[in-house]
Amino acid sequence: MEITVVGTGYVGLVTGVCFAEIGYSVTCFDIDESKIAALSEGRCPIYEPGLEEMLKRNLKEGRIRFTFDAKLAYKNKDYLFIAVGTPENEDGSANLEYLEAAVDQIGLNLNRDAVIVIKSTVPVGTNEGVYKKLQENIPDKIQVKVVSNPEFLREGSGILDTFHADRIVVGSDDHEAGRAVADLYKPFERPILQTDIRSAELIKYASNAFLATKISFINEVANLCEHTGANIEDVAKGMGMDERIGSQFLKAGIGYGGSCFPKDTKALEKLTDYYNYDFKILRSVIEVNSRQKQQLFYKACELLGNLQGKRVAVLGLAFKPHTDDIREAPAVELIVRLLEAQADISVYDPVAYGNVADLFGSRLYYAETVDGAIKGADVVFIMTEWPQIAQYDLERFPLFMREPVIFDGRNCYDLAEAKSAGLTYVSVGRKAVNVNRNLENSGLQS
Ligand code: NAD
């Protein structure tokens, strides 16, 4: 049995390598020649814990190969897993051009019966469109079937999530094809849910929208805490102890980012527009998140006034720890604002510099350590709770900063410890600490 995985991004590469790890023969195809060159040599172009070692092992044992040649990718294959990007169009809808290009190439190259499995996140109805297009473009003697198999892995724990998935969703209107794909996943020994094709497509969007809702909800509660004097960490803990609510995704902060939640919530909103259905909660979730992402910057302006010429350190750039992905990262939005405000910016992130440098180049100072980033800074923003940042010794801030002022978008530190370290410390949904100390223009209450 021969499997091809189309697209070697976070989803495609993890999928391909994990399939090889359980013993399948896998070909990975990408239109990015440099990625294919690196992967063929066992070098991983993305940061994903454990992936490079697993890649190297499977390359060495001959279970996985990488190609830039569409003919090699699509000829003599039984299963084609499509994991190309479906980014956001300007109007918020899902951009399906990469998927369509892949389907066109399959149409040109397929030479035997195959099952096409769509892993990319796509709007309801897309899989049916893929089937129709292939029917039109492939010779009559070749039979294709299309199966929806949305992906739920999280960047930063992609391998773990693949081997320990809560569920594997397989959607198909052709029972035999659905069964065959479900059987492929049997060695993972995880729960498999077989549904019709449209339900599988919607499960993905509804799941992401629900998680985004939890985040926006707890951020709204955090904002209410700031008005009422309650502490969001205690409130979230008390809520999460209720098993009906659960503690996951109840961490208040500066809003969700990344390559999935922002675009998937907007694509779902577009889908509801198409069906003329007013999904009120979803619209609020998106609005609350976009406001939340700006909160820390406005708090800093309120406390410090003009940021022009101020030395600002931004700690953490990836949209969350353990990834180098900066797509829709709150830190990127903050840096854009800080540059507009003409602040002098140093940054620290353990792995995301390649992507950040592509965006901002020499306009930032890229420090190798937290110490290096905060040295001489007037203000620090904490944007990603990497362990190197969340576990940073608070006593070190005063060693490197003249008047340590910290805006913490991830509630990394204990309020009492921040107070005793002499920090001016402003976090999310908790009382600000030491705000009046030597600071003019302070509108915040200690
Ligand atoms: P990505 O942008 O990291 O990778 C996509 C890859 O596809 C790129 O390497 C690109 O060069 C390649 N590609 C584009 N067109 C191609 C073509 N015609 N043929 C071959 N390769 C092509 O994307 P990603 O983050 O892996 O996401 C892929 C899909 O999975 C998206 O629909 C996304 O919404 C979904 N998803 C992503 C995650 C995640 O955490 N990143 C999780 C679940 C689902």
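To be clear, the structure that these remarks concern was listed above.
Within any chain, residue numbers begin from 1 and follow the written order of that chain's sequence. Owing to the predicted nature of the model, reporting of local features is limited to residues with pLDDT of at least 70; listing and counting of side-chain atom pairs is limited to 80 or more, with chain, interface and lining totals taken over all residues. Calculation of side-chain values draws on the structure's entire complement of heavy atoms; hydrogens and water are dropped beforehand.

Novice: Give a detailed account of the packing of aromatic side chains, specifying residues and quantitative values.
Specialist: Side-chain rings of Phe, Tyr and Trp (the six-membered ring for Trp) are treated as a pair once their centres are within 6.5 Å; stacked means planes under 30 degrees apart, edge-to-face means over 60, and tilted covers the remaining angles. All told, the structure shown has 18 aromatic pairs when counted by the stated rule. Pairing tyrosine 277 with phenylalanine 279 gives two aromatic rings, centres 6.4 Å apart and planes at 70 degrees, and the pair type is edge-to-face. Their ring planes at 70 degrees and their centres at 5.8 Å tell us that phenylalanine 297 and tyrosine 298 sit as a pair that is edge-to-face. Relative accessible area decides the class of each residue, using a 1.4 Å probe on protein chains only: under 20% of the type maximum gives buried, over 50% gives exposed, and in between gives partly exposed. Using a relative accessible area of 9% as the deciding quantity, one classes phenylalanine 297 as buried. Through pairs of rings, three or more aromatic residues link up here, namely Phe19, Tyr24, Phe81, Phe163, Tyr185 and Phe188. Its guanidinium or amino end placed over the ring of phenylalanine 152, arginine 167 lies 3.7 Å from that ring's centre, counting from NZ or CZ. Placement of a charge over a ring requires the Lys NZ or Arg CZ to be within 6 Å of the ring centre, with the centre-to-atom vector within 35 degrees of the ring normal.

Novice: I'd like to hear about the site of the ligand, residue by residue, with values.
Specialist: Taken together, 28 residues lie near the ligand, and Asp30, Lys35, Thr86, Glu155 and Lys263 sit nearest. Valine 11 places a polar main-chain atom, nitrogen or oxygen, 2.9 Å from an oxygen atom of the ligand. In these tables, accessible area is a Shrake-Rupley quantity obtained with a 1.4 Å probe, and a residue counts as shielded only by the protein chains included in the view. When the ligand is considered free in solution it has 840 Å² of accessible area, and contact with the protein chains removes 91% of it. Each helix is a run of DSSP H or I of at least 4 residues and each strand a run of E of at least 2, with the numbering of both proceeding from the N terminus. Within the residue set of the shell around the ligand, elements represented by two or more residues are α1 (10-21) and α5 (97-109). A per-element tally of the shell around the ligand places α5 first, with three residues. Ten residues, namely Ala, Val, Leu, Ile, Met, Phe, Trp, Tyr, Cys and Pro, are considered nonpolar, four, namely Asp, Glu, Lys and Arg, are considered charged, and the remaining ones, Gly among them, are considered polar. In terms of residue class, the shell around the ligand is made up of eleven nonpolar, nine polar and eight charged. Either an automatic procedure or a domain database provided the assignment from which the domain bounds are taken. Residues from two domains meet in the shell around the ligand; each of domain 1 (2-195) and domain 2 (204-292) gives at least three. Each residue is tested against the molecule or strand, and it is near if at least one of its non-hydrogen atoms lies within 4 Å. We define a polar contact as two N or O atoms separated by no more than 3.5 Å, with the added condition that, inside protein, one atom must be a possible hydrogen donor and the other a possible acceptor, whereas residues neighbouring each other in sequence contribute only through side-chain atom pairs.

On their own, these measurements won't tell you what the molecule is for.
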